Amino acid sequence: MSNLELARAGRPDSRIKIHGPEAFDGMRHAGQLTARALDLLVSEVKPGITTQSLDDFVFEFAMDHGAVPAPLNYRGFTKSICTSLNHVVCHGIPGERILKEGDILNVDVTLILDGWHGDSSRMYPIGKIPRAAERLNAVTYEALMRGVAAVVPGGHIGDIGAAIQSYAEDERCSVVRDFCGHGLGQVFHDRPNILHYGRPGEGTEMRPGMLFTIEPMINLGKPQVKIKSDGWTAVTRDRSLSAQFEHSVGVTETGVDIFTTSPAGLHQPPYETG
């Protein structure tokens, strides 16, 4: 049985870790550090700079705050962050690509602080962007937050995917099915898998103490993707724009704790900093 099939199975998965208050404190600190890095990137992401310069910025930020970028050397990945531009769905590799007016960029940051992983991503518009790109960013952020709102003890993982899928498809966008959210904590990727599509009531029951990411990837065109020859970069097959937002969350006794909220209130573009 594949990981995705396990995520949809109705049977409880004894391998899913249930965490206590100390873990929630650790995740909150790690998540807030990651969110601070993403806040600071608002003034760094602009036309004329390279994605490598953003990688350098986050690496230095992590070092200055006693943290480690989780992607660095993870399964052979050689950078500290992922930078996914325009039709890149996820896992874009920073390099000498220069950002230009009209681009949209997802920056995915995971920082390890005191052993805990704070994982989050946001979209950044590069200067003035097309109306279709603005709309895609807005739809993707709303899809994320509808998924987060579906996190309640006693609910099911399928409730999250159903909330995301129904909204995105009503907005005439598509949900990428090749990648999913995941459990995390003191490891980068863990159970459960969090599909961004599905049916209410399906999948593992959510229990207080579960920790995971929700990170829908939404395309303006069709949902199919392909992996480039570097083995990491996923792109839309039809070259349509793709966007992603991500939060790390924990299931509480009454609902959900979002660990990666923006300290500066910079949750979604356009980012007003003045």
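Note that the coordinates shown come from a computational prediction; the quantities given were computed from them, not determined experimentally.

*Asks:* How should I be thinking about the sheet that holds strand 12 (residues 234-236) in this particular structure?
*Replies:* The strand order 3-12-11 describes an open sheet built from three strands, whose pairing is antiparallel. Each end of this open sheet is capped by a strand with a single partner; those strands are strand 3 (88-90) and strand 11 (225-227). Direction aside, the axes of adjacent strands within the sheet are offset by 40 degrees on average. Both strand 3 and strand 12 contribute to a ladder of two bridges, which runs antiparallel.

*Asks:* Would you mind showing me how to read the nonpolar core here?
*Replies:* As a rule of thumb, nonpolar side chains are buried together in soluble globular proteins. Ranked by size, the top nonpolar core spans 63 residues in total, and within it Leu-54, Val-107, Ile-160, Phe-212 and Ile-214 carry the most contacts. Broken down by secondary-structure element, the contributors of at least two residues to this core are helix 2 (21-41), helix 3 (51-64), strand 4 (104-113), strand 5 (116-125), helix 4 (131-149), helix 5 (157-170), strand 9 (211-214) and strand 14 (247-251). The element that contributes the greatest number of residues to this core is helix 2, accounting for eight residues. Excluding residues within four positions of it along the chain, Leu-54 makes contact with Leu-41, Glu-44, Val-45, Ile-49, Ile-81, Leu-99, Leu-105 and Val-107.

*Asks:* Where do I start with empty space enclosed by the protein in this structure?
*Replies:* It is the rolling of a water-molecule-sized probe over the atoms that shows where space remains empty. Here the structure, examined in full by the defined rule, presents four cavities of 30 Å³ or more. Residue lining of the second largest cavity: Ser-120, Ser-121, Arg-122, Tyr-141, Leu-144, Phe-245, Glu-246, His-247, Thr-260 and His-267, and that is the complete set. Listed by contribution, the elements that provide at least two residues to the lining of the second largest cavity are strand 5 and helix 4. Top element by residues in the lining of the second largest cavity is strand 5. It accounts for three residues.

Analysis parameters
- Residues numbered from 1 in each chain as written.
- Predicted model: local features only at pLDDT ≥ 70, side-chain atom pairs only at ≥ 80, totals over all residues.
- Heavy atoms only, no water.
- Pairing = 2+ DSSP bridges.
- Helix = DSSP H or I, 4+ residues; strand = E, 2+ residues; numbered from the N terminus.
- Axes fitted to C-alpha atoms, helices over the stretch in contact; angles between N-to-C directions.
- Core = buried A, V, L, I, M, F, W, Y, C linked by side-chain atoms within 4.5 Å.
- Buried < 20%, exposed > 50% of the residue type's maximum accessible area, 1.4 Å probe, protein only.
- Contact = heavy atoms within 4.5 Å.
- 1 Å grid on protein atoms, 1.4 Å probe; cavity = no way out; pocket = protein on both sides within 12 Å on 5 of 7 lines; lining within 4 Å.
- Points joined across faces, edges and corners; volume = space filled by probe spheres on them.

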